[in-house]
Amino acid sequence: MDIENAAKAKGEEINVKSVVVILVGAPGSGKSTFCDQVMPSSTRPWVRICQDTIGNGKSGTKAQCLKSAASALKDGKSVFIDRCNLDREQRLEFVKLGGPNVDVHAVVLDLPAKLCISRSIKRTGHEGNLQGGKAAAVVNRMLQKKELPKLSEGFTRITLCLNESDVQACLNTYSALGPMDTLPNGYFGQKNPDAKIQLGIMKFLKKAEVPAANTISDASRIQSSFSPQVFQEKNPGYKRVENVSSFPVNTAKDLKECEDLAVCSAGSHILNDDAPTLAFPSISTSDFQFDLEKASDIIIKKVEEFVNKLGNVRLVLVDLSHRSKILSLVKAKATEKNIDSSKFFTFVGDITRLCSERGLHYNVIANAANWRLKPGGGGVNASIFNAAGPALEVATKEQAKSLQPGKSVAVPLPSTSPLFSREGITHVIHVLGPNMNPQRPNCLNNDYITGCKVLSEAYTSLFEDFASIVRTQAKLAKGKNVNLVTNPLGLQEHNEGVNMKHSPNNDQKSKREDVNYYDKSKKYKGSLYEAEANIHDFRTEKEHTNNDKIDASTTKVWGSWAQALYHIAMHPEKHKDVVLEILDDVVILHDLYPKARRHLLVLTRSEGLDCLTAVRKEHLNLLRTMHDVGMRWVEKFLQEDASLIFRLGYHSAPSMRQLHLHVISQDFDSKHLKNKKHWNSFNTAFFYDSVDVIKDVSNHGKATLRDDESLLSTELRCHRCRSAHPNIPRLKSHISNCRAPFPHSLLQSGRLVLPP
């Protein structure tokens, strides 16, 4: 392949993975159509394996399909397994095709049975001759055997499509999958994986009593394999209706599934499984013996407070027992308060195995920790440390040595942890509540005034840490890929002094990133103050960082507001109120919204030098001039304050037109440093040191830049000791006291300017 040859020519390591996509769905769900639409548009080589045609155009055997799939994989191709694959046994042998160089995905086309039957009845010339009147009975019979796939079967990725919109999104994902690309692992679009039968298949099928659609959110999508009578006993508040189709069965396993769903708040919560999810235990009510009534009141109060701030995220209260009193209390009070059950619900299971054993996707868990943040003891703390392995203890020590009651600490979970690889957990948030057990430290001796205050603070800290993690993990949606988290909190990010006038629900990353931001910024036209306020608002600029392009200024379209620095550089005499110094080649001014105590911009006055991608060897003298001018101002600042340390550099993909050098002190003590992009734009490889730019251009004739998108969304790390922090306030608190030496790489080659 061309990509492989190019990679080999550069001496790069090649790790191309093939993919086996097992299509799961009833006849008429669109499996063959899915293949037909993906294969012509994808640059990845695909082979469709269909049992209806495997025998020289005629129906064949499962063994023939397996042999053909193995042969295609050996040739480096990816494979669609186009069979119904509705139960685990049918999928088992195909899942075994996976290995170190083969990922196994499932695409579940779980469309309404009525639609599948309608399609099957109407079609003609079907490969398997399943058409006409007999199709309804076949679909009916097959759906009774349906078992939704689980990650524990051996899949690396499962995508569940509940409607045609979901199918189209999935089509886009696989159509955009190039030969060298991989997709994130996990379960996307998941609902109850133990479910077998859809409600309301067809009016001519067996009738039974089910929960009314107007009393359970989106009841038509809830899966049911248990007796409606039992459900009614468990949920007396739900109405019973006649003439709604289902297939009730009454096995012991089905009754157990009914109890599991009855413990949950509703049923719709299982459906929204793309949402970032925090699973948390009840803090302080077990070993710390906190009163359950009071604890449940506080949980509901804090959930109600935070859930109104949340967008596409979920909070899940977890306990091991079906007879858990705290779950019962919280569930009842959540119902009274009409808390959205898709955002908050209760769940029964082992908090360390909710995905692999119970099918609930979650990415953050809370630990009811001890003050020493150590393994041991019993209950949740011991369970989480045991499940996470030694990696969690090591990672925890890097964040904190101990914890005060009412506080929490978020710990990024290393990829070596079994919780990360098996369950998909990215963070553990340790939280310490109040103690009413005289056998444990810091006992409050039944002082519930203090205890309730501490417990309330603990849940507040927990939910705030989760919110910060979600914002941090939000990734840019690239190309046609879907199911990526895009600012799921829906919270407005406050930029540098600009009133964006967006409602929280509208200011989502998907809108900020997928639309050219400059086209939406006309209201800033003509206002230098507002334009400069966005100097470091790094939104979606599809910057041309391909260094083979000679003139970047001709390939990038700058919005009107992004021209402010250009106008200052071209006509500095008109902006004497903001300009500090005017020289023949450069202009110096304060950054209008500085990110540190001292923060200057050195602008070139050369026409056509918009950013680093336009710089070539003939600009070396200009780069040296800009550096020298910056150093002169640094010397002036150090005479005024010898405690300062400086760094000079450029942003890889600036938001503002006109090449400009940042001269910034390393205290980062500024009220204008508000979000992760602000921090990472100066403390990752996005910030290109001036000395390195000069060296790079001198040796290679141009600056070698890295892709900026991932750099701005990495986790917050101290620029000195490199410790990770969940949010900007925590980071600022840390760096104000951190006296660790700077990394060795920054201390070399004059990248840092220290006081004499």
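Residues numbered from 1 in each chain as written. Predicted model: local features only at pLDDT ≥ 70, side-chain atom pairs only at ≥ 80, totals over all residues. Heavy atoms only, no water.

Draft legend 1. Quick peek at the overall build of the protein. Regarding its fold elements, the protein presents 23 helices and 23 strands. Of all 756 residues assigned to the protein, the portion counted as buried reaches 55%. Surface accessibility of the protein: about 32,700 Å² in total, with carbon and sulfur atoms responsible for 50%. (Helix = DSSP H or I, 4+ residues; strand = E, 2+ residues; numbered from the N terminus. Buried < 20%, exposed > 50% of the residue type's maximum accessible area, 1.4 Å probe, protein only. Areas by Shrake-Rupley, 256 points an atom, 1.4 Å probe, with all protein chains shown as cover.)

Draft legend 2. Region of the structure containing the packing of aromatic side chains. What the rule picks out here adds up to 15 aromatic pairs. Each ring, one from F280 and one from F463, has its centre 5.5 Å from the other, and the planes form 75°; the classification is edge-to-face. You can see F280 sitting in strand β9 (residues 277–280) and its partner F463 sitting in helix α15 (residues 448–473), a full 183 residues away along the chain. Each member of the pair, F280 as well as F463, is classed as buried. Between F682 and F687, the ring centres sit 5.6 Å apart and the planes meet at 45°, which makes this aromatic pair tilted. Judged on exposure class, the residue F682 and its partner F687 are both buried. Ring pairing ties together the aromatic residues F34, W46, F80 and Y174, which thus form one cluster. Here the basic side chain of K294 rests over the ring of Y448, its NZ or CZ set 5.0 Å away from the ring centre. (Phe/Tyr/Trp six-rings, centres within 6.5 Å; stacked < 30°, edge-to-face > 60°. Lys NZ or Arg CZ within 6 Å of the ring centre and 35° of its normal.)

Draft legend 3. Spatial organisation of the sheet that holds β9. Strand order across the open sheet formed by six strands is β11-β10-β9-β12-β14-β13, with mixed pairing between neighbours. Only two strands of the sheet have a single neighbouring strand rather than two, namely β11 (344–348) and β13 (408–412). Sheet twist, expressed as the mean angle between neighbouring strand axes with direction ignored, is 25°. Relative to strand β12 (residues 364–368), β9 runs parallel, the two being bridged by two bridges. Opposite A279, over in β12, you have I365 as the bridge partner. Against the sheet, helix α12 (residues 379–388) touches β12 and β14 (427–431), its axis set at about 130° to β12. (Pairing = 2+ DSSP bridges. Axes fitted to C-alpha atoms, helices over the stretch in contact; angles between N-to-C directions. Contact = heavy atoms within 4.5 Å.)

Draft legend 4. Local environment of the nonpolar core. Counting 50 residues, the largest nonpolar core has V20, I22, I81, F155, L354, I365 and L392 as the members making the most contacts within it. Among the elements that make up this core, the one with the highest residue count is helix α3 (residues 62–74) (five residues). A domain-level breakdown of this core finds at least three residues from each of domain 1 (18–188) and domain 2 (277–475). Contacts of I22, omitting those with residues within four sequence positions, involve I81, N85, R91, F94, V95, V104, H105, A106, V107 and F155. Ranked by size, the runner-up nonpolar core spans 36 residues in total, among them V303, I326, V348 and A366. (Core = buried A, V, L, I, M, F, W, Y, C linked by side-chain atoms within 4.5 Å. Domains from an automatic or database assignment.)

Draft legend 5. Here's a closer look at the environment of S152. For S152, the position within the fold is in the loop between α6 (134–143) and β5 (157–161). Sequence spacing of S152 and E423 is 271 residues, and the spatial spacing of their C-alpha atoms is 9.6 Å. Not counting residues up to four positions away in its chain, the partners in contact with S152 are R88 and S356.

Draft legend 6. Layout of the pairing of strand β17 (residues 599–604). The buried fraction of β17 is high, at six of six residues. Here β17 shows no split at all, with H599, L601 and L603 on one side and L600, V602 and T604 on the other all buried.

Draft legend 7. Broad picture of the pattern of salt bridges. By the definition in use, this model includes 23 salt bridges. With its nearest N and O atoms 2.9 Å apart, the salt bridge here joins K333 to E293. Residue K333 is found in helix α11 (residues 325–336), and its partner E293 is found in helix α10 (residues 292–307); the two are separated by 40 residues along the sequence. By relative accessible area, E293 is classed as partly exposed at 38%. (Salt bridge = Lys/Arg side-chain N within 4 Å of Asp/Glu carboxyl O.)

Draft legend 8. Spatial organisation of the sheet that holds strand β6 (residues 186–188). One open sheet holds the six strands; their spatial order is β2-β3-β1-β4-β5-β6, and the pairing between them is parallel. Strands at the two margins of the open sheet, each flanked by one partner only, are β2 (46–50) and β6. Going from strand to strand, the sheet's axes swing by 15° on average, the running direction of each strand aside. As paired elements, β5 and β6 share three bridges and run parallel to each other. Across the sheet, the residue bridging to R157 is G186, located in β6. In the packing of helix α4 (residues 88–95) onto the sheet, the strands contacted are β1 (18–24), β3 (78–82) and β4 (102–109), and the crossing angle to β1 comes to about 170°.

Draft legend 9. Examining the packing of α12 against helix α13 (residues 390–399) more closely. Two elements in contact, α12 and α13, have axes separated by 5 Å at closest approach and are oriented at 105°. Between α12 and α13, the angle is such that the two are roughly perpendicular. Judged by residue contacts, I384, F385 and A388 of α12 engage P390, A391, L392, E393 and T396 from α13. Residue composition of the contact of α12 with α13, grouped by class: six nonpolar, one polar and one charged. (Parallel < 35°, antiparallel > 145°, perpendicular 65-115°, else oblique. Nonpolar A, V, L, I, M, F, W, Y, C, P; charged D, E, K, R; others polar.)

Draft legend 10. Just the environment of R657, in detail. Turning to its location among the elements, R657 is positioned in the loop between β18 (646–651) and β19 (660–665). On the basis of relative accessible area, R657 is assigned to the buried category, the value being 15%. Within the structure, R657 has its side chain in polar contact with the side chain of Q563 (distance 2.8 Å). Looking at R657, its side chain comes within polar contact range of the side chain of D610, at 2.9 Å. (Polar contact = N/O pair within 3.5 Å; in protein donor to acceptor, adjacent residues only side chain to side chain.)

Draft legend 11. Examining a positive patch on the surface more closely. A contiguous patch of positive charge, built from R372, K374, K397 and K401, is present on the exposed surface. Here K397 shows up in helix α13. (Patch = residues over 30% accessible without salt bridge, like charges linked within 9 Å, V, L, I, M, F, W, Y side chains within 5 Å. Lys, Arg positive; Asp, Glu negative; His and termini not counted. Charge placed at Lys NZ, Arg CZ, Asp CG, Glu CD.)

Draft legend 12. Examining the confidence of the model for the protein more closely. Looking at the protein as a whole, its pLDDT mean stands at 76, while 72% of the residues score no less than 70. Ranking the elements of the protein by mean pLDDT puts strand β8 (residues 240–245) last, at 32, and β19 first, at 97. Considering only residues more than four positions removed or in separate chains, one finds that residues 6–13, a stretch of pLDDT under 50, has three contacts. Long-range and interchain partners of residues 192–272, a stretch whose pLDDT sits below 50, account for 170 contacts in this model, where long-range means more than four residues apart. (pLDDT = per-residue confidence, 0-100.)

Draft legend 13. Structural detail: the packing of helix α19 (residues 620–640) against helix α21 (residues 690–700). Packing of α19 against α21 brings their axes to within 10 Å, and their N-to-C directions diverge by 165°. On the basis of the axis angle, α19 is roughly antiparallel to α21. The two elements α19 and α21 cross, and the hand of that crossing is left-handed. Each of L620, L623, R624 and H627 in α19 lies in contact with α21, whose residues at this interface are S690, V691, V693, I694, V697 and S698. Across the contact of α19 with α21, the residue classes tally to six nonpolar, three polar and one charged. (Left-handed = near helix turned anticlockwise from the far one by under 90°.)

Draft legend 14. Spatial organisation of the pairing of β5. In terms of burial, β5 is a largely internal element, five of the five residues being buried. Neither face of β5 is left uncovered, since the one carrying R157, T159 and C161 and the one carrying I158 and L160 both have all their residues buried. One ladder, built from five bridges, connects β4 with β5; its direction is parallel. Across the sheet, the residue bridging to V107 is T159, located in β5. Taken together, β5, helix α7 (residues 164–175) and β6 form a β-α-β motif whose crossover is left-handed. (Right-handed = clockwise from strand over helix to strand, strands pointing away.)

Draft legend 15. Inspection of α4 at higher detail. Those residues of α4 that fall on the buried side of the exposure criterion are R91, F94 and V95. Seen end-on, α4 carries its buried residues on one side only, within an arc spanning 95°. Against the buried residues of α4 lie β1, α3, β3 and β4. Measuring from the side-chain oxygen of the N-cap residue of α4 to the backbone nitrogen of E89 gives 3.1 Å; that N-cap residue is D87. (Arc of directions from axis to C-beta.)

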